[in-house]
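Examining the three-dimensional arrangement
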Amino acid sequence: MMGSGAEAAKVLRHVIRRIRRLLPKVDILVRGDSHYCSGPVLNLLVAERCDFMLGLAVNAVLKPIAAPWKLKCKQRHARSGRCSIPRPACILSLPTATS
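Scope of this entry: the structure provided in the associated data block. Because the structure is predicted, anything quoted here is derived from the model rather than measured.

It is worth spelling out helix H1 (residues 5-22) at this point. Spanning 18 residues, H1 covers 26 Å between terminal C-alpha atoms, matching the ideal 26 Å at 1.5 Å per step. Residues of H1 that are buried include every one of Gly5, Ala8, Ala9, Leu12, Ile16, Ile19 and Arg20, and no others. Projection of H1 onto a plane perpendicular to its axis shows the buried side chains occupying an angular sector of 95 degrees, all on one side. For H1, the exposed residues set more than 90 degrees away from the buried face come down to Ala6, Lys10, His14, Arg21 and Leu22.

Before going further, it helps to spend a moment on a nonpolar patch on the surface. Side chains of Val61, Ile65 and Trp69 sit close together on the surface and give an oily, nonpolar patch of about 350 Å² of accessible area. As for its position among the elements, valine 61 is in the loop between strand S2 (51-54) and helix H3 (62-80).

The next point concerns H3. Helix length check: H3, at 19 residues, gives a terminal C-alpha distance of 27 Å against a target of 27 Å (1.5 Å per residue), a fit within 8%. Most pronounced at proline 68, the bend in H3 amounts to some 35 degrees. Looking one or two residues beyond H3, the residue adopting positive phi is glycine 81, at roughly 75 degrees.

Each pair of packed helices can be summarised by the angle the axes make with each other and by the distance between the axes. Interhelical geometry of H1 versus helix H2 (residues 39-47) gives an angle of 25 degrees and a closest axis separation of 7 Å. One way to sum up the angle between H1 and H2 is to call them roughly parallel. For the element pair H1 and H2, the recorded crossing hand is right-handed. For the pair H1 and H2, contact is made by Gly5, Ala6, Ala8, Ala9, Leu12, Arg13 and Ile16 and by Pro40, Val41, Leu44 and Leu45, respectively. Looking at side-chain class alone, the contact of H1 with H2 contains nine nonpolar, one polar and one charged residues.

Right, let's get into the nonpolar core. If you look at the biggest cluster of nonpolar residues, it comprises 14 residues, and the most contacted ones within it are Leu12, Ile16, Ile28, Val30, Val41, Leu45 and Cys50. Going through the elements one at a time, H1, strand S1 (28-32) and H2 are the ones with two or more residues in this core. Looking at this core, the element that brings in the most residues is H1, giving five residues. In contact with cysteine 50, not counting residues within four places along its chain, are Ile16, Arg20, Ile28, Val30 and Leu45.

Conventions and cut-offs
Residues numbered from 1 in each chain as written. Predicted model: local features only at pLDDT ≥ 70, side-chain atom pairs only at ≥ 80, totals over all residues. Heavy atoms only, no water. Helix = DSSP H or I, 4+ residues; strand = E, 2+ residues; numbered from the N terminus. Expected span 1.5 Å × (residues − 1). Buried < 20%, exposed > 50% of the residue type's maximum accessible area, 1.4 Å probe, protein only. Arc of directions from axis to C-beta. Patch = residues over 30% accessible without salt bridge, like charges linked within 9 Å, V, L, I, M, F, W, Y side chains within 5 Å. Areas by Shrake-Rupley, 256 points an atom, 1.4 Å probe, with all protein chains shown as cover. Salt bridge = Lys/Arg side-chain N within 4 Å of Asp/Glu carboxyl O. Bend = angle between axes of the 7 residues up to and from the residue. Axes fitted to C-alpha atoms, helices over the stretch in contact; angles between N-to-C directions. Parallel < 35°, antiparallel > 145°, perpendicular 65-115°, else oblique. Left-handed = near helix turned anticlockwise from the far one by under 90°. Contact = heavy atoms within 4.5 Å. Nonpolar A, V, L, I, M, F, W, Y, C, P; charged D, E, K, R; others polar. Core = buried A, V, L, I, M, F, W, Y, C linked by side-chain atoms within 4.5 Å.

Any functional reading would require information that these geometric values do not contain.
Structure (structure tokens):
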């Protein structure tokens, strides 16, 4: 597990730039747990034009804010029977806290 957002951003910067050097037109989706959701990581991902799905720890403030989106996602999934997120060419899946 990374010690800080700055350390995680440093590693991600290296990996993302390496992917971009080899595959300049590829879309990159970075997926990670809540310990990757920090200012330095978010700033890097935006600057590098990466899509991202980073977890946020559940808390009393986020639960009611997320409720309408959770319901819409459940309804959409029930209607279609599949995930509606398009699959990018490259998914960078970060290790979890337990890996």
